[in-house]
Amino acid sequence: MTVAIAILMKDPGAAKTRLSPVLANDAREKLALLLFENTLQFFMRTRAGEPIGVVTASRETAAIGKKYGASIIEETAHGDINAAAGRASAWANDIGATSLLVVHADIATLVDEEVDRLLAARERCSVAIGVSADGGTNALLLTPPDAIPFCYGPNSAKAHEAAARQSGRSSEKLQLAYLSRDIDTPQDLRDHVEAFRSPIEAECFAVATMPEVVAGDGLTTLIVEALARTNRTLAAGDIVVVAQKIVSKSEGRLVAAKQFQPSQQAIALAAEIGKDPHKVEAILSESSDVIRARRQPPDGLLITRHRHGWICANAGIDESNLGDGRDGMLLLLPEDPDASARAIRSDLEARYGAPIGVIVSDTFGRPWRNGLVNIAIGTAGVPAIVDWAGRTDAYGRGLKATLPAFADEVAAAAGLLMQKDAGLPVIVLRGLKWQAIAGSSARDVLRPVTQELFL
């Protein structure tokens, strides 16, 4: 399947008129050209091999497009964006493309992950709409390229959705944090500058007033409501650290110990270390391997490899802070902590219209050291590891093998506020420098079993 990509670019001299209160004519023209060239470079880099066209009536814009090897599609009806998009549709059909992605040239920040999510939607629907922050359409993916008539204008996302419905086509609206934000107004410009300002210092704060969580609760709703009660909000680049405990509770992972019928292995192991056989069976059911087992207070030591790969006590199963009347209950780790983090992130980004990272954290012990520390067991967007190879240290010395465990460092910092007796299961870190990673996973920190040195 071939996806043709068409970038709509009006005459830069007539662009960005709503910025006239803060930018002179020449500055607006330079900004329009800068945004266009940034958009074109992005697609030339990330979608190499796909046909890329520029729809424009401007000779200057056409010259830039030709410099990068893009096809130039002449805009004949000056200023009519729907006619310009129609020209793109005809071009895509002429070259035999099966799909057409139409994008505006004024999206300040494009990231691979969001474009990949948009393009993946063609497997589910004929019309995928990248909704702008004001209800417009910043990106439109059509399969086939002439699936619907174009309906750009105020509230065009709804108009394109209606056009799909009238044409008997399936559609989907996508709220993508970066892709939803163009630069049209003075406030757009201020927001963009503020979002990417180099921070002087980072901030860490707890989301107070979170209620007791029970199975079926929507964590995003609870977090948003708690933030609102304390006059807080989330901003671009924030990382939200969510305690595993409330994720597991919301996902119904609270189970009575007696529900686990002890196997012969569990009975034998329980007798050896002095632990309840029902608990041992629960631990074995969540584990792929027993690493260490011995009799010691308070109820035996059992270190296992969790089925997700974590090496921890009791497969991460918890009995503390479960709530009143829950004696004899066990709280298991989420079925898929990365998926849990992705769901929370998607909902938070849709709510706040800004790129946000999410970490699901838990407290683990460490080999050779006493005490517990928060680590990341699920991530969304946030890189588990950052590779500093090729960078230099503070004295200019080249780094060869430096891999900061970024997500664990963030989780550990959050743990300073996420105390066991504080009732603060959600922490926000603001001002950190990080780059969103598509498909990030907390399990990226795990060494392959063949490289383990101490087991």
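How each quantity is defined
Residues numbered from 1 in each chain as written. Predicted model: local features only at pLDDT ≥ 70, side-chain atom pairs only at ≥ 80, totals over all residues. Heavy atoms only, no water. Helix = DSSP H or I, 4+ residues; strand = E, 2+ residues; numbered from the N terminus. Buried < 20%, exposed > 50% of the residue type's maximum accessible area, 1.4 Å probe, protein only. Contact = heavy atoms within 4.5 Å. Lys, Arg positive; Asp, Glu negative; His and termini not counted. Charge placed at Lys NZ, Arg CZ, Asp CG, Glu CD. pLDDT = per-residue confidence, 0-100. Pairing = 2+ DSSP bridges. Axes fitted to C-alpha atoms, helices over the stretch in contact; angles between N-to-C directions. Salt bridge = Lys/Arg side-chain N within 4 Å of Asp/Glu carboxyl O. Parallel < 35°, antiparallel > 145°, perpendicular 65-115°, else oblique. Left-handed = near helix turned anticlockwise from the far one by under 90°. Nonpolar A, V, L, I, M, F, W, Y, C, P; charged D, E, K, R; others polar. Core = buried A, V, L, I, M, F, W, Y, C linked by side-chain atoms within 4.5 Å. Phe/Tyr/Trp six-rings, centres within 6.5 Å; stacked < 30°, edge-to-face > 60°. Lys NZ or Arg CZ within 6 Å of the ring centre and 35° of its normal.

Quick word on the overall build of the protein chain
Check the secondary structure of the protein chain and you find 12 helices and 17 strands. C-alpha atoms of the protein chain, sized along the principal axes, occupy 85 × 60 × 50 Å. By the burial criterion, 47% of the 455 residues in the protein chain qualify as buried. For the protein chain, contacts bridging at least 24 residues in sequence account for 64% of all contacts bridging at least 6. Computing the positive centroid from 48 side-chain charges and the negative centroid from 55, the protein chain places the two 2 Å apart.

Some remarks on the confidence of the model for the protein chain
With 93% of its residues at a pLDDT of at least 70, the protein chain reaches an overall mean of 89. Here helix α6 (residues 186–195) stands out as the element of the protein chain with the lowest mean pLDDT, 72, in contrast to strand β9 (residues 239–243), whose mean of 97 is the highest.

Thoughts on the sheet that holds strand β16 (residues 369–380)
As summarised here, the arrangement of the 5 strands in space is β8-β17-β9-β15-β16, forming an open sheet in which the pairing is mixed. Only two strands of the sheet have a single partner each, and these edge strands are β8 (203–206) and β16. Strand-to-strand, the axes of this sheet are offset by a mean angle of 25°, without reference to chain direction. Pairing of β9 with strand β15 (residues 357–366) involves 5 bridges; the strand directions are parallel. If you follow Ala243 over to β15, its bridge partner there is Ser361. Sitting on the sheet, helix α12 (residues 406–415) is in contact with β8, β9, β15, β16 and β17 (426–430), with an inclination near 120° to β16.

Looking at the pattern of salt bridges
The full count for this structure, using the stated rule, is 18 salt bridges. A salt bridge links Lys173 to Glu161, with the shortest nitrogen-to-oxygen separation between them at 3.6 Å. One end of the pair, Lys173, is in strand β7 (residues 171–174); the other, Glu161, is in helix α5 (residues 156–166), and 12 residues separate them in sequence.

Quick notes on the sheet that holds strand β1 (residues 3–8)
Through backbone hydrogen bonds, the strands of a sheet pair up, either in parallel or in antiparallel fashion. Pairing is mixed in the open sheet, where 7 strands are placed in the order β3-β2-β1-β4-β6-β5-β7. At either margin of the open sheet sits one strand with a lone partner, and together these are β3 (71–74) and β7. Going from strand to strand, the sheet's axes swing by 20° on average, the running direction of each strand aside. Bridge count for strand β4 (residues 99–104) against strand β6 (residues 137–142) is 4 bridges, and the pairing is antiparallel. In the sheet register, Leu101 faces β6, and the bridge partner there is Leu141.

Quick word on the packing of helix α1 (residues 25–46) against helix α2 (residues 59–67)
Their axes nearest at 11 Å, the elements α1 and α2 cross at an angle of 25°. Judged by the inter-axis angle, α1 sits roughly parallel to α2. Remark: the crossing between α1 and α2 carries right-handed chirality. For the pair α1 and α2, contact is made by Glu29, Leu33, Phe36, Glu37 and Leu40 and by Glu60, Thr61, Ile64, Gly65 and Lys67, respectively. Taken together, the residues of the contact of α1 with α2 sort by class into 4 nonpolar, 2 polar and 4 charged.

Some points on the nonpolar core
If you look at the biggest cluster of nonpolar residues, it comprises 32 residues, and the most contacted ones within it are Met210, Leu219, Leu234, Val240, Val242, Leu348 and Val426. The element that contributes the greatest number of residues to this core is helix α7 (residues 219–229), accounting for 6 residues. Leu219 has contacts with Val213, Val242, Ile246, Val247, Ser250 and Ile344, leaving out every residue within four places of it along the chain. Ala70, Leu101, Ile107 and Ala128 belong to the second-largest nonpolar core, a separate cluster that totals 31 residues.

Section: the packing of helix α9 (residues 264–273) against helix α10 (residues 277–285)
Across the interface, α9 lies against α10 with an axial gap of 8 Å and an inter-helix angle of 120°. What the angle tells us is that α9 and α10 run oblique. Pair α9 / α10 crosses with right-handed handedness. Note on element contacts: α10 touches α9 through Pro277, Val280, Glu281 and Leu284, opposite Gln265, Ala266, Ile267, Leu269 and Ala270.

Comments concerning the environment of Trp368
Mapped onto the elements, Trp368 comes out in the loop between β15 and β16. Using a relative accessible area of 72% as the deciding quantity, one classes Trp368 as exposed. In sequence terms Trp368 and Ala228 are 140 residues apart; their C-alpha atoms lie 43 Å from each other.

Brief notes about the environment of Trp91
Among the secondary structure elements, Trp91 is positioned in helix α3 (residues 81–94). Separated by 19 residues in the primary sequence, Trp91 and Ile72 place their C-alpha atoms 9.9 Å from one another. When near neighbours in sequence (up to four residues on either side) are disregarded, Trp91 contacts Ala4, Ile5, Ala6, Pro51, Ile52, Gly53, Ser71 and Ile73.

Section: the packing of aromatic side chains
Evaluated as defined, the whole model comprises 3 aromatic pairs. On the numbers, 6.2 Å between centres and 10° between planes, the contact of Phe150 with Tyr152 is stacked. In this pair, the class of Phe150 matches that of Tyr152, namely buried. Residues Trp310 and Phe364 carry aromatic rings whose centres are separated by 6.5 Å and whose planes lie at 80° to one another, so their mutual orientation is edge-to-face. Taken as a pair, Trp310 in the loop between β12 (301–306) and β13 (311–313) and Phe364 in strand β15 lie far apart in primary sequence, 54 residues in all. Each member of the pair, Trp310 as well as Phe364, carries the same accessibility label: buried. Taking the ring centre of Phe205 as reference, the NZ or CZ of Arg232 above it sits at 3.8 Å. The lysine or arginine in question, Arg351, covers the ring of Tyr352, its NZ or CZ lying 5.0 Å from the ring centre.

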